[in-house]
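Structural features, examined
One letter stands for each residue in the lines below.
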Protein chains: 2
Amino acid sequence: MHGKLAHLTVPQLREACSQCNLRELCLPMGLTDHELGQLDELVNLRRRILRGQHIYRCGDSFEAIYAIKTGFFKTDVLLEDGREQVTGFQMAGEILGLDGIGTEKHTCNAVALEDSEVCIIPFADLENYSREIGALQHHFHKVMSREIVRDHGVMMLLGIMRAEERLAAFLLNLSQRFTARGYSPTEFNLRMTRNEIGSYLGLKLETVSRAFSRFQDEGLITVHQKHIQILNVGGLKKLLSERRV
Amino acid sequence: MHGKLAHLTVPQLREACSQCNLRELCLPMGLTDHELGQLDELVNLRRRILRGQHIYRCGDSFEAIYAIKTGFFKTDVLLEDGREQVTGFQMAGEILGLDGIGTEKHTCNAVALEDSEVCIIPFADLENYSREIGALQHHFHKVMSREIVRDHGVMMLLGIMRAEERLAAFLLNLSQRFTARGYSPTEFNLRMTRNEIGSYLGLKLETVSRAFSRFQDEGLITVHQKHIQILNVGGLKKLLSERRV
DNA sequence: GGTTCACGTTGACACAGATCAAAGCTGACA
DNA sequence: TGTCAGCTTTGATCTGTGTCAACGTGAACC
């Protein structure tokens, strides 16, 4: 199993899970010091991914899952005719590759939206370790379950919300995830294009652009290219709750 | 853990996993005879759910997952204002409740669309058994992963397909799942209303009804209330592939 | 410093699907 | 057998978002 990953960067032990500042967000969450030490054995390969490069593509055989150490990714599914559905945007501490377990092939593409680094977690090894470390097993199940719940949230976005509600929910979600990572809740740079946001939200890029402009006109946010500042969090939240139908 | 489930029906041992005719679709898939015997210990509670009743509701504390033995379910999420997003329809052999692992509370509602019976799998026990039975552990991971992949498929439906494509994909998906259970691929009764189909597909019930009528006019299917007969599978598939845009 | 290219914004118009309204169907129940 | 309630169908009209087109902007590169 490791043999297949031999082309990847050599271990950098100072970046072990036990030392990683993401350990409270990522796979190590809730492990004891001793268990953390075992995790360091499991996760000893890392890989740099430049902006625009894939970690894996649809159809690639599934070997490992990936924890994002730094950077930003999107996952997407393509139809034969070229239509793209972005299924998610992932940031530091989040796990990529869970889609591949079921069929032993990846079923979507994972692309870096900025230069990034991921920790490689060979999946067979993860299963072995999690038979020994109950807390790891349980936490991994939680990670998968939360992905399912997140997907349900996206279905709600796509199924029943209108354009401005979708974009407001999207901004609030980003804000909350940046906050959890110690960044500003109200000011950040988008890593994705209007087209990618639109693909995620089931909208065309022009509609995304217009919604941004309208939010700005209403004093909810400022937008300069990819730089977003949220001026009125409550206003965005109100957009979500006060749906007139 | 079992104590909390004491109100449920007593074990009916003749319905053990090892004897169940769904064992090749459900959790036991791929286990050896010996392992199947162990699974019989794990899954020894069953519960009848009448049409319209919930197995669990959003906010209920999470104790167990459920394998459908007979019947048909929907899962949905509700917004405060009453809007409903159906997140899935589940039939025999499929697993319900995975959404609850992450937060230890269920995050959606699971409602029987016809009188049904489920096998109760206490989750803490499942984790214990799957530390001993590698094949069970791995298969459970596959089940969760496939749920994630299914969700991505729904995102595609909702994000980039038009009304008729969505309905065609929906019918073909049902057909394929009925086939896997030994029923006719081309003739079946829908268990859900037009409104529920619409909620799943991000459409209004009138749009669903009109799309059914159009399919019938074009000779692709016949519809009589909830009875569907597919006359031209290829035609439905073509609708999906030959998107002009 | 100008050119290029990818990305973003804005306007005008079109259309798929939503909304509103009315009538039909079917099964349950008295 | 009649009535009722829930579901479905169909028609007329409306509207949010898509489509098409033109122009703006900023970063990268020679």
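Residues numbered from 1 in each chain as written. Chains lettered and ligands numbered in written order. Predicted model: local features only at pLDDT ≥ 70, side-chain atom pairs only at ≥ 80, totals over all residues.

**Structural notes on the overall build of chain A**
Helix and strand counts for chain A come out as 7 helices and 11 strands. For chain A, the C-alpha radius of gyration of 19 Å lies close to 18 Å, the compact-globule estimate for 245 residues. (Helix = DSSP H or I, 4+ residues; strand = E, 2+ residues; numbered from the N terminus. Rg over C-alpha atoms; globule rule 2.2 N^0.38 Å.)

**Brief notes about the sheet that holds strand 7 (residues 109-112) of chain B**
Residue and element names in this part refer to chain B. The 4 strands are arranged 2-7-4-5 in an open sheet whose pairing can be described as antiparallel. The open sheet has two free edges, formed respectively by strand 2 (54-56) and strand 5 (84-91), since each of these has just one partner strand. On average, each strand axis in the sheet is inclined to that of its neighbour by 30°, with strand direction left out of account. Running over the sheet, helix 5 (residues 194-201) touches strand 4 (72-78) and strand 5 and is turned about 105° from strand 5. (Pairing = 2+ DSSP bridges. Axes fitted to C-alpha atoms, helices over the stretch in contact; angles between N-to-C directions. Contact = placed C-beta atoms within 7 Å.)

**Some points on the sheet that holds strand 10 (residues 221-224) of chain A**
All names here are of chain A. With antiparallel pairing, the 3 strands of this open sheet are ordered in space as 9-11-10. Every interior strand has two partners, whereas the edge strands, strand 9 (187-189) and strand 10, have only one. Pairs of neighbouring strands in the sheet enclose a mean axial angle of 15°, with direction left out of account. Sheet topology places strand 9 next to strand 11 (residues 227-230); 3 bridges connect them, and they run antiparallel.

**Describing the relation of the copies chain A and chain B**
Once chain A has been moved 0.0 Å along the axis and rotated by 180°, it coincides with chain B to within an RMSD of 0.0 Å. Here the two chains are linked by the operation of a two-fold rotation axis. Within chain A, Arg 131 of chain A has its C-alpha nearest the rotation axis, a separation of 2.2 Å. Looking at the interface residues of chain A, 100% of them are also at the interface in chain B, so both copies use one shared face. (Least-squares fit on C-alpha atoms with pLDDT ≥ 70 in both.)

**Things to note about the pairing of strand 7 of chain B**
A regular strand places its side chains so that they alternate between the two faces of the sheet. Residues and elements named next belong to chain B. Burial along strand 7 is two-sided: the residues Asn 109 and Val 111 and Ala 110 and Ala 112 are all buried. Bridge count for strand 2 against strand 7 is 2 bridges, and the pairing is antiparallel. For His 54, the partnering residue across the bridge sits in strand 7 and is Val 111. Direction of pairing for strand 4 relative to strand 7: antiparallel, over a ladder of 4 bridges. Of the residues in strand 7, the one forming a bridge with Phe 73 is Ala 112. (Buried ≥ 20, exposed ≤ 12 C-beta atoms within 10 Å, placed from the backbone.)

**Focus on the nonpolar core**
Nonpolar side chains in soluble globular proteins tend to end up buried together. Of all hydrophobic cores here, the largest spans 138 residues; its most connected members are Ile 65, Tyr 66, Ala 67 and Ile 121 of chain A together with Tyr 66, Ala 67 and Ile 121 of chain B. Non-local contacts of Ala 67 of chain A, meaning those with residues more than four positions away in its chain, are made with Cys 26, Leu 27, Ile 95, Val 118, Cys 119 and Ile 121 of chain A. (Core = buried A, V, L, I, M, F, W, Y, C linked by C-beta atoms within 7 Å.)

**A short note on unusual backbone geometry**
Residues and elements named next belong to chain B. Phi angles above zero are rare outside glycine, and Glu 104 is one such case at about 65°. Tracing the backbone shows Glu 104 in the loop between strand 6 (95-96) and strand 7. By the C-beta count within 10 Å, which is 12 here, Glu 104 ends up exposed. Backbone geometry at Gln 225 places phi at a positive 55°, although glycine is not the residue there. Tracing the chain through its elements places Gln 225 in the loop between strand 10 (221-224) and strand 11 (227-230). C-beta crowding within 10 Å serves as the criterion here: with 7 such atoms nearby, Gln 225 is assigned to the exposed category.

**Observations regarding the protein's contact with DNA strand C**
For DNA strand C, the set of nearby residues contains 20 residues, the closest of which are Thr 193, Ser 209 and Ser 213 of chain A together with Arg 162 and Thr 207 of chain B. If one sorts the elements of the surface near DNA strand C by residue count, helix 6 (residues 205-217) of chain A sits on top with 6 residues. A per-class count over the surface near DNA strand C returns 6 nonpolar, 7 polar and 7 charged. (Near = placed C-beta within 6 Å. Nonpolar A, V, L, I, M, F, W, Y, C, P; charged D, E, K, R; others polar.)

**Things to note about the interface of chain A and chain B**
The partner chain B presents 37 residues to the 37 residues of chain A that form the contact. Looking at the side of chain A that touches chain B, the elements that each hand over two or more residues are strand 5 (84-91), helix 2 (123-132) and helix 3 (134-160) of chain A. Sorting elements by how many residues they give to the side of chain A that touches chain B places helix 3 of chain A first, with 19 residues. Taken together, the residues of the side of chain A that touches chain B sort by class into 13 nonpolar, 13 polar and 11 charged.

**Focus: the environment of Cys 108 of chain A**
Secondary-structure assignment places Cys 108 of chain A in the loop between strand 6 (95-96) and strand 7 (109-112). Using a count of 25 C-beta atoms within 10 Å as the deciding quantity, one classes Cys 108 of chain A as buried. Cys 108 of chain A sits 21 residues away from Thr 87 of chain A along the chain, and the two C-alpha atoms are 8.6 Å apart. Dropping the residues within four chain positions of it, Cys 108 of chain A is found in contact with Cys 58, Thr 75, Asp 76, Val 77, Thr 87 and Asp 99 of chain A together with His 152 of chain B.

**Examining the protein's contact with DNA strand D**
In the neighbourhood of DNA strand D, 20 residues make up the surrounding shell, with Arg 162 and Thr 207 of chain A together with Thr 193, Ser 209 and Ser 213 of chain B lying closest. Elements represented by at least two residues in the surface near DNA strand D include exactly helix 6 of chain A together with helix 5 and helix 6 (205-217) of chain B. When residues in the surface near DNA strand D are grouped by element, the largest group, 6 residues, is from helix 6 of chain B. Its residues assigned to classes, the surface near DNA strand D comprises 6 nonpolar, 7 polar and 7 charged.

**Concerning helix 2 (residues 123-132) of chain B**
All names here are of chain B. When helix 2 is considered as a whole, its buried residues turn out to be Phe 123, Leu 126 and Ser 130. The arc enclosing the buried residues of helix 2, seen along the axis, measures out at 50°, which places them on a common side. Turned more than 90 degrees from where helix 2 packs its buried face, Ala 124 and Glu 132 sit exposed. On its buried face, helix 2 sits against helix 1 (33-42), strand 3 (64-70), strand 8 (116-122) and helix 3 (134-160). (Arc of directions from axis to C-beta.)

**Section: the confidence of the model for chain A**
Across chain A, the average pLDDT comes to 92, with 93% of residues at 70 or higher. Below a pLDDT of 50 lies the segment residues 1-13 of chain A, which in the model reaches 19 contacts outside its immediate sequence neighbourhood of four places, other chains included. (pLDDT = per-residue confidence, 0-100.)

**Quick notes on the packing of helix 4 (residues 163-180) of chain A against helix 6 of chain A**
The geometry of a pair of packed helices is captured by two quantities: the angle between their axes and the separation between those axes. All names here are of chain A. Packing of helix 4 against helix 6 leaves a shortest axis separation of 10 Å and a crossing angle of 75°. Regarding the angle of helix 4 to helix 6, the classification is roughly perpendicular. On helix 6, the residues that touch Ala 163, Glu 164 and Leu 167 of helix 4 are Thr 207, Val 208, Ala 211 and Arg 214. (Parallel < 35°, antiparallel > 145°, perpendicular 65-115°, else oblique.)

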